Each structure stands twice: as structure tokens, then as C-alpha cells.
Amino acid sequence: MEIIQLNIQGMTCASCVAHVEKGIRKREGIDMASVNLATDKATVSYDPSVISPEDIIQSVVDSGYGASLPGKGDGDEEKAQMGRVRRQLILSASLSFPLLLAMFAGIFRIGILMFLHNPLLQLLLATPVQFFIGFRFYRAGWKSLRAGSPGMDVLVALGTTAAYFYSVYNGFIAPLTGSPSGGLYFEASSLIITLILLGKYFESRAKGKTSEAIKKLMGLQPKTAQVIRDGSPVEIPLSDVIPGDIVLIRPGERIPVDGVVREGISAVDESTITGESMPVEKGPGDPVVGGTINSYGALRMEAQRVGKDSVLSRIIAIVEEAQGSKAPIQQLADRVASVFVPVVLAIALLTFLIWWLAVGSLSQGLIAAVSVLVIACPCALGLATPTAIMVGTGLGAQRGILIRNGEVLQRAGALTSLVLDKTGTITEGRPELREILPLGSAGMSREEMLTLAASLEHVSEHPLARAVVKGAEEKGLPLAEVLDFTSLPGKGVTGLVKGERYFIGTEGYVGTVLDPSALRAMGKEKIRLEEAGNTVVILASEREILGLLAIADRIKKHSREAVELLKKLGLDIYMITGDNRRTAESIAREAGIGNVLSEVLPEGKAEEVRKLQAAGRVVAMAGDGVNDSPALATSDLGIAMGGGSDIAMESADITLMRGDLREIATAIDLSRRTMGKIKQNLFWAFFYNSVGIPFAALGFLNPIIAGAAMAFSSLSVVSNSLSLKRFDRKRSISIRKKNIPEEERNMKASIIVEGMSCGHCKMAVEKAALSVETVKKAEVDLKKKELTVELSGENGAALEEIKSAVKNAGYDPR
């Protein structure tokens with residue numbers, strides 16, 4: 001299956017959306033079709049061996065609408081269309097204003113304006129509005145009728161035409177035949193068209209604001225890049241950059257593609273991609289991402305991922321997919337919209353007949369029927385879901401939170417439990433070797449033990465193995481050759497070193513090759529190390545245990561705060577890990593987590609998630625590794641942490657571009673608030689029609705008021721969605737003290753720092769200060785050699801921590 005997006009022309013309401021989707025889906029080879037009224041786009045999954053994009057476009061045309069493939073000039077065409085609507089609106093308002101004055105002149109008996117009641121003058125003013133400016137409703141209405149899918153345009157065209165020709169009859173034909181003459185309603189037909197145009201104009205502007213996020217993302221990529229070709233720098237179009245090109249980035253420029261720094265040192269502002277406000281220092285060997293900004297140093301980078309393979313392109317694709325999707329809650333509105341217009345036409349006809357035949361008022365019957373036709377537009381139903389999804393997913397993308405689709409938003413609102421993988425999610429994901437404890441009769445030294453362990457582990461990709469190898473590298477220990485190497489994921493490894501077989505791994509693994517009595521050599525040492533939060537790896541020969549290696553992975557500094565935030569959202573938090581129970585419980589206590597799933601092998605994580613689901617829980621899983629992918633896919637909501645693998649990101653429903661655990665709380669809270677807006681929008685859309693139509697049928701609304709109500713109902717839905725932009729996770733679920741002004745909670749302090757000389761020094765000192773948890777803000781004045789910090793609360797003890805951090809960064813705090 002392939003996915004294609006089409007621009008759809010001529011849609012005005014939820015009925016249009018339903019008919020376009022129906023027209024596409026009835027063709028063979030279509031797997032899925034989702035039409036978005038807010039973006040005027042259709043997302044279609046199809047089998048290219050059965051149906052072509054041209055056939056899909058034709059199916060839309062057959063439904064009475066226009067369709068085209070996205071092009072480079074889409075933005076220009078959108079602006080041109082807005083310009084045409086604005087000009088038509090100005091002309092329509094200019095011609096309708098005298099008719100409005102005539103209505104007020106009749107109500108308040110203003111003699112000087114009574115000339116405006118001249119039927120010929122009103123005919124001359126109303127006719128251009130009805131048939132020139134209002135021709136769009138006739139054209140679109142005829143197309144939809146011919147396709148058997150009447151929409152809003154039919155209602156508007158019928159209502160205004162009835163008011164126009166009834167006025168023609170009363171003003172010109174009735175006086176000639178001597179028939180009773182009613183009033184003129186030219187102002188109703190003209191003002192309805194004007195008000196609908198006004199509502200559409202404001203609605204289009206508001207809809208444009210809902211898609212600001214995707215436009216900003218698309219604007220992050222520069223149009224050109226400066227690359228080295230034949231030994232000289234050449235500026236070329238971005239599309240011509242290929243992997244392997246050496247790209248030059250000057251200070252202040254955007255990085256054009258993904259790659260690796262080869263020369264230079266700088267700090268890169270990655271806030272546009274990850275939401276992280278602090279620039280990240282980059283040097284040779286560090287990865288950089290297209291769309292981010294180089295701060296102060298010149299860099300030479302090697303291009304690696306370009307075009308659609310770049311991180312930014314993948315983000316844009318995910319956001320576009322999300323903004324074109326629907327939440328399951330929209331299904332009710334879609335079912336209503338599919339039959340809405342025929343039902344309204346029947347109600348309008350019944351209203352007219354009852355007023356005419358039962359009440360005896362042809363004039364009132366026509367006015368009530370026109371009011372029913374005009375007020376009953378299902379625009380608000382069509383905009384209720386997509387506008388909120390566009391704002392919510394766009395806002396998330398700006399903060400480094402990628403939400404895959406509307407269904408994810410709805411599932412997030414129902415979550416009851418969250419399973420957090422330990423390594424890389426709760427902890428830093430960079431285990432360090434803490435202690436080496438020789439045991440047994442071999443009498444190995446620590447260096448000999450470490451050499452042997454690192455030799456066995458150096459081909460393994462497991463984080464614990466990397467910690468052992470790194471420990472040996474830091475001590476400059478040479479590695480021995482390993483033969484007949486075997487790895488058992490989640491258990492350990494074995495191999496031959498100098499003709500003798502050795503094993504390194506978990507107690508369960510080593511216990512399968514040694515006599516159980518040999519395990520007693522560990523005594524209480526293993527328990528002591530584990531209760532201190534270490535993961536203990538056992539090194540053994542075929543005869544005995546040779547020693548223990550204690551490896552620890554410290555928790556991230558915001559993990560405990562994040563767990564409290566998640567609990568405030570009403571979630572039960574579980575930590576899942578392959579560590580033994582004692583080590584796992586030690587880390588869980590430090591993070592504030594009470595539910596621990598320990599000694600779980602990689603393939604068992606998905607099974608643990610299924611057990612929670614079987615107990616009636618709605619489960620989210622957060623992880624960042626390849627071995628987390630099955631659990632991410634099995635959970636009701638998979639969350640991939642930033643810096644994780646591509647496989648984990650593809651398996652996830654929500655991707656966090658940075659590894660801050662607090663962003664999970666932000667993502668879930670944003671999802672719930674977006675769903676709240678969708679429910680509000682749908683409620684008011686249904687309420688508006690369920691109240692408005694009976695009022696119009698009973699004669700309590702004249703057509704002008706009905707037209708104004710219809711025009712602005714859609715605008716109110718879009719405006720309610722836009723109010724999501726005020727979302728602030730810290731304000732909604734903060735664990736800080738409440739009702740105390742920020743300036744009263746915080747204190748400022750200054751520290752003189754010697755040894756600073758350039759922008760790099762400034763960035764390094766600020767970063768060091770911000771590494772202290774209680775520091776909320778840090779700013780360096782190079783001229784004064786002064787670091788100013790803002791601390792949460794009157795925490796003077798943190799000043800010593802700040803000085804220590806600055807000193808560790810290579811500077812001299814006083």
C-alpha cells in the first residue's frame with residue numbers, strides 16, 4: 001500500500017467531507033481514506049497495482065468536488081484564494097449595507113431613508129450579490145446535487161434564492177396582478193450571503209493559525225547549503241546535497257541536513273526540534289540535525305541523511321499524518337453529517353407546509369423555512385475534531401512531542417497505567433563500573449579480572465557490557481583474544497580465553513554451568529552491592545566464581561519529579577527492568593516508584609504489558625531501546641524516548657525528541673486537553689443545531705440572524721481549538737508551591753568566575769550552573785566575569801554545588 005495526499009476543492013461542511021470519503025472508498029484498491037475539512041486535504045492509502053492517483057482524483061471529481069496533487073504553489077494559491085474572498089466580501093458588504101439601512105428605516109420609521117424601500121433600487125443592489133458573488137453556492141450546490149451528495153451550498157442557495165424571488169414577486173408581480181403583496185426580503189438574501197462570506201473569511205484565517213506549526217517546521221530548512229566541491233566552497237540547492245558531502249556552517253546559520261561534525265567547536269540551538277531551550281555543545285564526532293541553529297563557531301560537517309530521510313522530514317511527515325487523521329470520537333459526527341442535509345431539506349419543507357396550510361401564513365412559512373435552511377449548516381461538525389487535532393499535534397511538535405494521530409490522543413485520555421523501562425528512561429542509560437570484587441581461589445587482581453571481563457564483553461552491545469569495556473579502556477588494559485564466543489541476550493556471554501572457558505552474566509546464567517554450592521562463594525557481598533542500587537555481573541570459570549563487578553546507572557535528575565507529575569495525572573507507575581529484585585527496588589525507591597517488574601528478559605516485556613491489560617488496565621509503555629519495541633507495540637500507547645532507536649520510534653504512538661521523563665507528563669496532559677477541546681467542540685456543534693433548527697422552524701429567528709449564527713458557529717469552534725495554544729504543563733500539573741508569586745519563591749545570586757574569555761566559555765559556565773537542579777536560570781556577563789543565577793526558593797546551600805560544577809567545567813569560581 002502507498003499513501004498519497006490530495007488537495008480538495010469545494011468542501012464547505014461535514015457533509016462534503018462524508019461524500020468525498022464515500023466517493024473515494026467505493027473504488028477498488030482503496031485501503032483507507034480520511035478527509036480533513038480544516039486543511040482541505042485527503043489522505044488516501046491505496047494499492048498502486050489496482051488504482052492510480054489520477055483515478056483517485058477522478059473519484060473526487062465524480063463526487064462533485066475538485067482534487068489535485070500537492071504542488072509548490074499551494075501556499076500562493078491559498079493566499080490568492082483568501083484575496084478573492086476578501087474582495088468579494090467587501091463588494092458584497094458594500095451592496096448589502098443600503099439594504100440593511102432600509103430594514104432599520106422600516107422598523108424605526110426613519111423618513112429620510114424610506115427611499116431605500118424602492119423595489120427597483122433593492123433589486124439592483126441585491127442581484128449582483130445573489131447571482132455574481134453568490135454564484136459560488138449555485139455552482140458548488142449543482143455539482144453536489146449532480147453527484148447525489150447535497151451539502152451546505154445547497155441549503156444556502158435554496159434559502160437565499162427563495163427569499164430573493166419571493167421579494168421579486170412581492171415587489172413587481174403582485175402589484176400587477178392585484179394579488180396581496182407581502183414585504184421585500186432582498187436584505188435577507190444579500191445579508192445571508194455577506195455574513196456567510198464574512199464567517200468563511202474569518203474561519204479561513206483562524207484555520208490558517210491552526211496549521212502554523214507545520215508551516216514553521218517546513219520553514220526550518222534553508223533553501224541552499226554551502227558544500228566543498230573540487231576543493232572549493234560552492235553554494236548549491238538543498239536538494240542537490242548528497243550523503244558524504246562536506247557542508248560548511250557559519251555562525252548563526254541553520255544546519256541544512258543531518259550529519260556529523262568533522263571540524264570545529266560550537267553550541268547548537270536544537271529547540272526547534274527537541275524543545276530543549278539550552279544550546280548543546282558540539283565538536284568533532286558529534287551528530288547534528290538539520291533545521292537547528294549553529295550559535296557561534298564555524299563548523300564543517302559530513303552530510304549523512306538528506307531529503308525525506310532527515311529527522312526534520314520525518315517529523316514533518318509524522319505531524320502531517322497526525323493533522324490529517326481523525327479521532328474515533330468523530331465517527332458519530334460523520335454518521336450524522338452523511339444524512340444531515342436531506343433531513344434538513346425535509347424539515348424546511350415541512351416547516352413551510354405547516355405555516356402555509358395549518359397557520360395560513362405563506363409569508364411566515366417561507367421566512368421560517370429559509371431560516372431553517374440557513375442555520376442548519378453542519379460546518380461546525382466538520383471542524384470540531386480536525387482543528388483541535390491540528391492545534392494539539394502542532395503544539396506538541398513545537399515542544400519536541402510527536403503525536404502520531406487522533407486515535408492516539410483519544411487513547412491517552414483513557415490511560416490508567418504507565419510502564420517505564422528503567423535503562424535510558426528512568427536512568428541516564430550510561431552505566432558505569434563502580435566496584436570490582438575478586439573472589440575464589442584463583443586470586444585474580446582487580447586489573448586481571450577487568451581485563452578478562454572486558455575481553456569477553458567487548459563484542460557485546462549491551463549497556464552493561466559497554467560499561468565494563470569502558471572501565472578497561474580508562475585503565476589502558478589490553479584485551480585478550482576470545483574464541484568460540486556465544487551470547488545469550490539478557491543472561492550473559494561465554495568464550496574461550498587462552499584455551500580456558502569463562503562465563504560472565506547473571507546469577508541465573510552462571511548457576512546453570514556451576515554447581516549450586518559454588519554460588520555460596522559470593523556470600524553477602526552480592527546482596528550488599530545490589531541493595532546499594534548496583535547491577536552485579538558475575539565472572540566465572542568452569543570451576544568457580546572468580547569475582548563480582550558492580551555496575552550502576554544513575555537516575556536522571558528529573559525522574560522523581562516526573563514520577564510525581566505522572567501520579568498527579570492519576571496514573572499507576574510501574575518500572576520494568578531485567579535487573580534482579582533488590583537492585584530494581586533500590587532504583588525504584590530513589591525514583592519514587594512503588595510498582596516494580598524485575599528480572600524481566602527483553603522478550604518478556606511485552607508479556608508483562610499484556611498481563612496488566614488482562615487485569616483491565618489501559619497501559620502506556622515508555623522506552624528507548626530496540627528490545628522495547630515489542631512492548632511499545634503491544635501497549636495501548638507506546639512512547640519512544642528521545643535519543644532512542646529508529647525501530648522504537650517507528651513502534652511508538654508518541655515520540656519524545658528529548659529524553660526528559662517529565663515530557664511524558666506533558667504529552668499525556670496535552671493529549672487529554674486536546675480531547676477535552678474536541679468533546680467541547682462536538683457538544684456545541686450538536687447543541688447549536690439541535691436548538692437552532694427548532695427555533696428557526698417555530699419562527700423565532702429571522703433569516704439574517706440565522707445566517708449570522710451559522711457563519712459564526714464554525715468560527716467559535718475554531719477559536720475554541722486555538723485556545724489550546726495557552727496550554728502550559730507547568731501551570732496545570734506543577735508540583736511547585738501554589739499561590740506564591742514566582743519572584744517570592746526564587747532568589748538570585750552572583751558569582752565571580754575567572755578564566756572566561758569567549759562565547760564558548762560563557763556557554764560552558766552557564767551549562768555547568770544549570771546542571772544543578774535548583775538553578776532555574778543562569779546568565780554570564782563576560783565583561784564583568786560574573787555568573788548570575790536564579791534559584792528556586794532561598795536555597796543558599798546550592799551556591800556551593802554551583803561553584804563545584806563550574807570548577808569541574810574548568811573555570812575558577814570565587
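Residues numbered from 1 in each chain as written. Predicted model: local features only at pLDDT ≥ 70, side-chain atom pairs only at ≥ 80, totals over all residues. Heavy atoms only, no water.

1. Considerations on the overall build of the protein
Moving on, step 1. For the protein, the helix and strand inventory stands at 30 helices and 30 strands.
Moving on, step 2. By its C-alpha atoms, the protein is 125 × 65 × 60 Å across when sized along the principal axes.
Moving on, step 3. If you take every contact in the protein between residues at least 6 apart in sequence, the share linking residues at least 24 apart comes to 68%.
Moving on, step 4. Total accessible area computed for the protein in this model is approximately 36300 Å², and 56% of it derives from carbon and sulfur atoms.
Moving on, step 5. Charge-centre separation for the protein: the mean point of 90 positive side chains lies 7 Å from the mean point of 90 negative side chains. (Helix = DSSP H or I, 4+ residues; strand = E, 2+ residues; numbered from the N terminus. Contact = heavy atoms within 4.5 Å. Areas by Shrake-Rupley, 256 points an atom, 1.4 Å probe, with all protein chains shown as cover. Lys, Arg positive; Asp, Glu negative; His and termini not counted. Charge placed at Lys NZ, Arg CZ, Asp CG, Glu CD.)

2. Structural notes on the pairing of strand S9 (residues 266-269)
Moving on, step 1. Looking at chain direction, S9 and strand S10 (residues 280-282) are connected through 3 bridges and run antiparallel. The residue bridging Val268 from the neighbouring strand is Val280, located in S10.
Moving on, step 2. Direction of pairing for S9 relative to strand S12 (residues 293-294): antiparallel, over a ladder of 2 bridges. Across the sheet, the residue bridging to Asp269 is Ile293, located in S12. (Pairing = 2+ DSSP bridges.)

3. Some remarks on the environment of Ala454
Moving on, step 1. With respect to the helices and strands, the residue Ala454 is situated in helix H16 (residues 446-457).
Moving on, step 2. For Ala454, a relative accessible area of 0% puts it in the buried group. (Buried < 20%, exposed > 50% of the residue type's maximum accessible area, 1.4 Å probe, protein only.)

4. Some details on the side chain of Ser713
Moving on, step 1. Residue position: Ser713 is located in helix H26 (residues 703-722).
Moving on, step 2. The class of Ser713 is buried, set by a relative accessible area of 8%.
Moving on, step 3. In this view, Ser713 contacts Ala380 and Tyr688; residues no more than four positions away in its chain are not counted.

5. A few points about the pairing of strand S15 (residues 417-421)
Moving on, step 1. Counted residue by residue, S15 has 5 buried out of 5 residues, so it is predominantly covered.
Moving on, step 2. Of the two faces of S15, the one carrying Ser417, Val419 and Asp421 and the one carrying Leu418 and Leu420 are both buried.
Moving on, step 3. Where S15 and strand S24 (residues 619-623) come together, 4 bridges link them in parallel fashion. When the sheet's bridge partners are listed, Leu418 is paired in S24 with Ala620.

6. Details of the confidence of the model for the protein
Moving on, step 1. A residue-level look at the protein finds 92% of positions with pLDDT of 70 or above and a mean pLDDT of 84.
Moving on, step 2. Below a pLDDT of 50 lies the segment residues 734-745, which in the model reaches 17 contacts outside its immediate sequence neighbourhood of four places, other chains included. (pLDDT = per-residue confidence, 0-100.)

7. Remarks on the packing of aromatic side chains
Moving on, step 1. Under the criterion given, the structure shown has 12 aromatic pairs.
Moving on, step 2. A ring pair is formed by Phe683 and Phe687, whose centres lie 5.8 Å apart and whose planes are at 20 degrees; its orientation type is stacked. With a gap of 4 residues between them, Phe683 and Phe687 both fall in helix H25 (residues 662-697), about one helical turn apart.
Moving on, step 3. Exposure remark for Phe687: the relative accessible area of 38% places this residue in the partly exposed category.
Moving on, step 4. Members of the aromatic cluster, each reached through a chain of ring pairs, are Phe131, Tyr138, Tyr164, Phe165 and Phe186.
Moving on, step 5. Positioned over the ring face of Phe137 is Arg136, at 5.7 Å from the centre of the ring. (Phe/Tyr/Trp six-rings, centres within 6.5 Å; stacked < 30°, edge-to-face > 60°. Lys NZ or Arg CZ within 6 Å of the ring centre and 35° of its normal.)

8. What about the packing of helix H11 (residues 330-359) against helix H12 (residues 362-375)?
Moving on, step 1. Their axes nearest at 7 Å, the elements H11 and H12 cross at an angle of 165 degrees. With respect to H12, the axis of H11 lies roughly antiparallel. Where H11 crosses over H12, the two elements pack in a sense that is right-handed. Each of Val344, Leu345, Ile347, Ala348, Thr351, Phe352, Trp355 and Trp356 in H11 lies in contact with H12, whose residues at this interface are Leu362, Gln364, Gly365, Leu366, Ala368, Ala369, Val372 and Leu373.
Moving on, step 2. In terms of residue class, the contact of H11 with H12 is made up of 13 nonpolar, 3 polar and no charged. (Axes fitted to C-alpha atoms, helices over the stretch in contact; angles between N-to-C directions. Parallel < 35°, antiparallel > 145°, perpendicular 65-115°, else oblique. Left-handed = near helix turned anticlockwise from the far one by under 90°. Nonpolar A, V, L, I, M, F, W, Y, C, P; charged D, E, K, R; others polar.)

9. Some remarks on a nonpolar patch on the surface
Moving on, step 1. Residues Phe683, Trp684, Phe687, Val691, Phe695, Leu698 and Phe700 make up a contiguous nonpolar surface patch of about 750 Å² in total accessible area.
Moving on, step 2. Turning to its location among the elements, Leu698 is positioned in the loop between H25 and H26. (Patch = residues over 30% accessible without salt bridge, like charges linked within 9 Å, V, L, I, M, F, W, Y side chains within 5 Å. Salt bridge = Lys/Arg side-chain N within 4 Å of Asp/Glu carboxyl O.)

10. So, helix H2 (residues 53-62)
Moving on, step 1. Among the residues of H2, those classed as buried are Pro53, Ile56, Ile57, Ser59 and Val60. Along the axis of H2, the buried positions cluster into a sector of 155 degrees, meaning they face one direction only.
Moving on, step 2. For H2, the secondary structure elements touched by its buried residues are strand S1 (2-9), helix H1 (14-25), strand S2 (30-36), strand S3 (41-46) and strand S4 (66-68).
Moving on, step 3. Just beyond H2, the residue with positive phi is Gly64, at close to 100 degrees. (Arc of directions from axis to C-beta.)

11. Describing the sheet that holds strand S13 (residues 299-305)
Moving on, step 1. Taken in spatial order, the 6 strands make up an open sheet running S6-S5-S7-S13-S8-S11, and their pairing is antiparallel. Sheet topology places strand S6 (232-237) and strand S11 (287-288) at the edges, where each strand pairs with a single neighbour.
Moving on, step 2. Where strand S5 (residues 224-229) meets S6, 6 bridges bridge the pair, whose relative direction is antiparallel. Residue pairing for S6: Ala225 is matched across the bridge by Ile236.

12. Re unusual backbone geometry
Residues other than glycine predominantly adopt negative phi, and peptide bonds predominantly adopt the trans conformation.
Moving on, step 1. Residue Asp484 is not a glycine yet carries a positive backbone phi of 50 degrees.
Moving on, step 2. With respect to the element layout, Asp484 can be found in strand S17 (residues 483-488).

13. Looking at H25
Moving on, step 1. Counted at 1.5 Å a residue, the expected span for H25 with its 36 residues is 52 Å, and the 53 Å between its end C-alpha atoms agrees.
Moving on, step 2. Immediately beyond the C-terminal end of H25, within one or two residues, lies Gly699, with a positive phi of roughly 85 degrees. (Expected span 1.5 Å × (residues − 1).)

14. Some points on the nonpolar core
Moving on, step 1. Of all hydrophobic cores here, the largest spans 133 residues; its most connected members are Leu418 and Ile664.
Moving on, step 2. The element contributing the most residues to this core is H25, with 13 residues.
Moving on, step 3. In this view, Leu418 contacts Leu566, Leu571, Asp572, Ile573, Tyr574, Ala620, Met621, Ala622, Ile639 and Ile664; residues no more than four positions away in its chain are not counted. (Core = buried A, V, L, I, M, F, W, Y, C linked by side-chain atoms within 4.5 Å.)

15. Considering the pattern of salt bridges
Moving on, step 1. Applying the stated criterion to the full structure yields 28 salt bridges.
Moving on, step 2. Ionic pairing is found between Arg229 and Asp245, a salt bridge with its closest N-O pair at 2.7 Å. Of this pair, Arg229 sits in strand S5 while Asp245 sits in the loop between S6 and strand S7 (246-249), placing them 16 residues apart in sequence.
Moving on, step 3. The residue Glu530 makes a salt bridge to Lys526 at a minimum N-O spacing of 2.5 Å. Highlighted residues: Glu530 and Lys526, both in helix H19 (residues 525-531), separated by 4 residues, approximately one helical turn. For the pair formed by Glu530 and Lys526, the shared burial category is buried.
Moving on, step 4. Overlapping salt bridges bring together Glu507, Lys526, Glu530 and Arg582 as one network.

16. Quick notes on the packing of helix H6 (residues 152-177) against H12
Moving on, step 1. Relative orientation of the contacting elements H6 and H12 amounts to 155 degrees, with a least axis distance of 8 Å. Put simply, H6 runs roughly antiparallel to H12. The hand of the H6/H12 crossing is left-handed. Residue-level contacts link Leu155, Leu158, Gly159, Ala162, Ala163 and Tyr166 of H6 to Ser363, Leu366, Val370 and Leu373 of H12.
Moving on, step 2. Among the residues forming the contact of H6 with H12, the class breakdown is 8 nonpolar, 2 polar and no charged.

17. Describing the environment of Ile573
Moving on, step 1. In this structure, Ile573 sits in strand S22 (residues 572-576).
Moving on, step 2. Residue Ile573 is classed as buried on the basis of its relative accessible area of 4%.
Moving on, step 3. For the pair Ile573 and Leu420, spaced 153 residues apart in the sequence, the C-alpha separation amounts to 7.4 Å.
Moving on, step 4. What Ile573 contacts, discounting residues up to four positions off in sequence, is Leu418, Leu420, Val563, Leu566, Lys567, Ile593 and Asn595.

18. Comments concerning the sheet that holds strand S25 (residues 637-640)
Moving on, step 1. Spatially, S14-S26-S25-S24-S15-S22-S23 is the arrangement adopted by the 7 strands of the open sheet, whose pairing is mixed. Where the open sheet ends on each side, the last strands, each with one partner, are strand S14 (401-403) and strand S23 (595-597). For this sheet the average axis-to-axis angle between neighbouring strands, irrespective of direction, equals 20 degrees.
Moving on, step 2. Running at roughly 155 degrees to S24, helix H22 (residues 605-614) makes contact with S15, S22, S23 and S24 of the sheet.

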